[in-house]
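These are the residues of each chain, in order.
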Amino acid sequence: MTMANGPSVQSVDRAIDLLEIMTDLGGDAGLSELAAAAELPLPTIHRLMRTLVVRGYARQLPSRRYTLGPRLIRLGESAGRQLGASARPHLERLARELGETANLAMIDRDMVVYVAQAASSHSMRMFTEVGRRVYCHCTGVGKMVLSELPDTTVREIVGRVGMPPATDLSITNVDDLLAEMAKIREQGHAVDDGEQEIGVRCFAVPVEGAPTPTALSVSGPAARVTYEFGERALPLLQDAARAISTELLSAG
């Protein structure tokens, strides 16, 4: 369990730890699992969870297990908007320098959600509505954020939401997806090569230090967004991702 640095209120620390533990466990957990992970006695866990349930930050299921609550959705959406607003100048710079659409996306409840975008100047360009949620297994940003998670968590996510193919090139087997995760971790970036939309290619890199796995990408028609384009784009993407990370860490 990770505790906050500096002066803090113990009960607040513990409640936040429990929310993070539930997230790490896939969104739901029993009292005994929470107690073991938090290294706290069951009565303490029960008291804290009861408070979180009353405030709407957790729910208790008929099975008596606890799951993340609906009040967190509003917080997450607001945090995503703020992250998108602070990242937008970096996206606009990427779109100007590369001439293609730049996106910022983060994982949210087993899917990936786009939180900011700067559009290409080309008449034929990629457009993804900010706030749109898509499957992780068949997008560049989605595969990038999955690669930041343990393989067991990746299996749990696709076990819950499935791996429906968006195109004939989409990965539809979890073992193939895990092999792709290993490749992405090794090379430090992800590529969507027509897996979400035929004729579209996307390069994505991680944004370190974000509160939840987050990725920055550039995408466009495969005829323009070639692998040679990717060699030029990846250093710029990585520079922008580092700049966003620095701002996040300095604001923390």
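In the annotation of an unreviewed UniProt entry, the entry for the chain reads IclR family transcriptional regulator, and the organism field reads Isoptericola cucumis.

## Some words on the overall build of the chain
Within the chain, the regular secondary structure consists of 8 helices and 9 strands. Going through the 252 residues of the chain one by one, you find that 48% of them count as buried. Partitioning the contacts of the chain with sequence separation of at least 6, the portion at a separation of at least 24 is 56%. Total accessible area computed for the chain in this model is approximately 12900 Å², and 53% of it derives from carbon and sulfur atoms.

## A look at the packing of aromatic side chains
In total, this model carries 1 aromatic pair according to the counting rule given. Arranged with centres 5.8 Å apart and planes meeting at 85 degrees, the rings of Phe203 and Tyr227 form a pair that is edge-to-face. Taken together, the residues Phe203 in strand S8 (residues 200-206) and Tyr227 in helix H8 (residues 227-251) connect sequence positions 24 residues apart.

## Regarding the sheet that holds strand S1 (residues 28-29)
Pairing is antiparallel in the open sheet, where 3 strands are placed in the order S1-S3-S2. Strands with a single pairing partner mark the edges of an open sheet, and in this sheet they are S1 and strand S2 (58-60). With respect to the sheet, helix H3 (residues 42-55) is in contact with S2 and strand S3 (66-68), its orientation differing from that of S2 by roughly 105 degrees.

## Focus: the packing of helix H2 (residues 31-38) against H3
In contact at an axis separation of 9 Å, H2 and H3 are set at 110 degrees when each is read in the N-to-C sense. Judged by the inter-axis angle, H2 sits roughly perpendicular to H3. In this structure, the crossing between H2 and H3 has a hand that is right-handed. Listed contacts from H3 to Leu31, Ser32, Leu34, Ala35 and Ala38 of H2 are Leu42, Ile45, His46 and Met49. Here the contact of H2 with H3 is built from residues that sort into 7 nonpolar, 2 polar and no charged.

## Topic: the pairing of strand S5 (residues 111-118)
Within S5, 8 of the 8 residues are buried, which leaves it mostly tucked inside the rest of the structure. By the bridge criterion, 7 bridges tie strand S4 (residues 101-108) to S5 in an arrangement that is antiparallel. Paired with Leu104 across the two strands is Ala116, which belongs to S5. Hairpin remark: S4 followed by S5, antiparallel, with 2 residues in the connecting loop; positive phi at Arg109, about 50 degrees. Where S5 and strand S6 (residues 133-134) come together, 2 bridges link them in antiparallel fashion. In the sheet register, Val112 faces S6, and the bridge partner there is Val134.

## Thoughts on the nonpolar core
One finds Leu104, Phe203, Leu216 and Leu237 to be the most contacted residues of the largest nonpolar core, which totals 26 residues. Per-element accounting of this core gives the leading share, 7 residues, to H8. Residues within four places of Leu237 in sequence aside, it is in contact with Leu94, Phe203, Val205, Leu216, Ser217 and Val218. Core analysis: the second largest hydrophobic core is formed by 24 residues, Val145, Leu149, Leu178 and Ala204 among them.

## Re the pattern of salt bridges
This structure, assessed with the given rule, holds 12 salt bridges. Its salt-bridge partner being Arg224, residue Glu100 comes within 2.6 Å of it at the nearest N-O pair. With a gap of 124 residues between them, Glu100 in the loop between helix H4 (71-98) and S4 and Arg224 in the loop between strand S9 (214-221) and H8 connect regions that are remote in the sequence. Residue class for Glu100 comes out buried when judged on its relative accessible area of 2%. Of the charged contacts in the structure, one is a salt bridge between Arg201 and Asp193, with a shortest N-O distance of 3.0 Å. For Asp193, a relative accessible area of 28% puts it in the partly exposed group. Each of Asp28, Glu33 and Arg65 takes part in a single network of salt bridges with overlapping partners.

## Description of the confidence of the model for the chain
For the chain, the mean per-residue pLDDT works out to 86, and 87% of the residues sit at or above 70. Segment residues 1-8: pLDDT under 50, and 8 contacts once partners within four positions in sequence are set aside and those in other chains are kept.

## A few points about unusual backbone geometry
One non-glycine residue, Glu39, lies in positive phi territory at about 60 degrees. By secondary structure assignment, the location of Glu39 is in the loop between H2 and H3. For Glu39, a relative accessible area of 66% puts it in the exposed group. Of note in the backbone geometry, Arg64 takes a positive phi value of approximately 80 degrees without being a glycine. Judged by its relative accessible area of 56%, Arg64 falls in the exposed class.

Here is what the cut-offs are and how they apply
Residues numbered from 1 in each chain as written. Predicted model: local features only at pLDDT ≥ 70, side-chain atom pairs only at ≥ 80, totals over all residues. Heavy atoms only, no water. Helix = DSSP H or I, 4+ residues; strand = E, 2+ residues; numbered from the N terminus. Buried < 20%, exposed > 50% of the residue type's maximum accessible area, 1.4 Å probe, protein only. Contact = heavy atoms within 4.5 Å. Areas by Shrake-Rupley, 256 points an atom, 1.4 Å probe, with all protein chains shown as cover. Phe/Tyr/Trp six-rings, centres within 6.5 Å; stacked < 30°, edge-to-face > 60°. Pairing = 2+ DSSP bridges. Axes fitted to C-alpha atoms, helices over the stretch in contact; angles between N-to-C directions. Parallel < 35°, antiparallel > 145°, perpendicular 65-115°, else oblique. Left-handed = near helix turned anticlockwise from the far one by under 90°. Nonpolar A, V, L, I, M, F, W, Y, C, P; charged D, E, K, R; others polar. Core = buried A, V, L, I, M, F, W, Y, C linked by side-chain atoms within 4.5 Å. Salt bridge = Lys/Arg side-chain N within 4 Å of Asp/Glu carboxyl O. pLDDT = per-residue confidence, 0-100.

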